[in-house]
Amino acid sequence: MPKSVYDRGLLKPADVAMLQRVFDEACRQREAHPDSTEARELALTLFALHNAGMVEEDMLMEAVGFRRLEPKSA
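Read on for an overview of the structure.

### Regarding the packing of helix α1 (residues 13-30) against helix α3 (residues 57-65)
Close contact between α1 and α3 brings their axes to 10 Å; oriented N to C, the two are set at 30 degrees. Here α3 runs roughly parallel to α1, going by the angle between their axes. The element α1 and its partner α3 pack so that their crossing is right-handed. Within the contact between the two elements, α1 uses Met18, Leu19, Arg21, Val22, Glu25, Ala26, Gln29 and Arg30 and α3 uses Glu57, Leu60, Met61, Val64 and Gly65.

In structure tokens, the structure reads:
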């Protein structure tokens with residue numbers, strides 16, 4: 001029997017909801033449109049931090065909410 005998505009280490013619905021809240025608030029604080037390059041970099045950063053073990057909402061917000069991310073040059 002195949003493993004469930006949760007057993008494979010993918011995000012649970014509560015994780016997705018929390019990451020969405022942090023993303024939305026960080027975009028609002030930065031005045032970044034959710035479809036912008038800056039917002040995409042923010043989302044990638046949030047996933048990386050979460051995957052590295054930073055799973056508390058307030059810690060994630062502190063990590064990404066108060067510093068401006070510079071988009072990577074192509």
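### Here's the deal with α3
Among all positions in α3, only Leu60, Met61, Ala63, Val64 and Gly65 are buried. Buried residues of α3, viewed axially, fall in a sector of 165 degrees; they line one side. Among the exposed residues of α3, those pointing more than 90 degrees away from its buried face are Asp58 and Glu62. Where α3 is buried, its residues meet α1 and α2 (37-51).

Reading the values: the criteria
- Residues numbered from 1 in each chain as written.
- Predicted model: local features only at pLDDT ≥ 70, side-chain atom pairs only at ≥ 80, totals over all residues.
- Heavy atoms only, no water.
- Axes fitted to C-alpha atoms, helices over the stretch in contact; angles between N-to-C directions.
- Helix = DSSP H or I, 4+ residues; strand = E, 2+ residues; numbered from the N terminus.
- Parallel < 35°, antiparallel > 145°, perpendicular 65-115°, else oblique.
- Left-handed = near helix turned anticlockwise from the far one by under 90°.
- Contact = heavy atoms within 4.5 Å.
- Buried < 20%, exposed > 50% of the residue type's maximum accessible area, 1.4 Å probe, protein only.
- Arc of directions from axis to C-beta.

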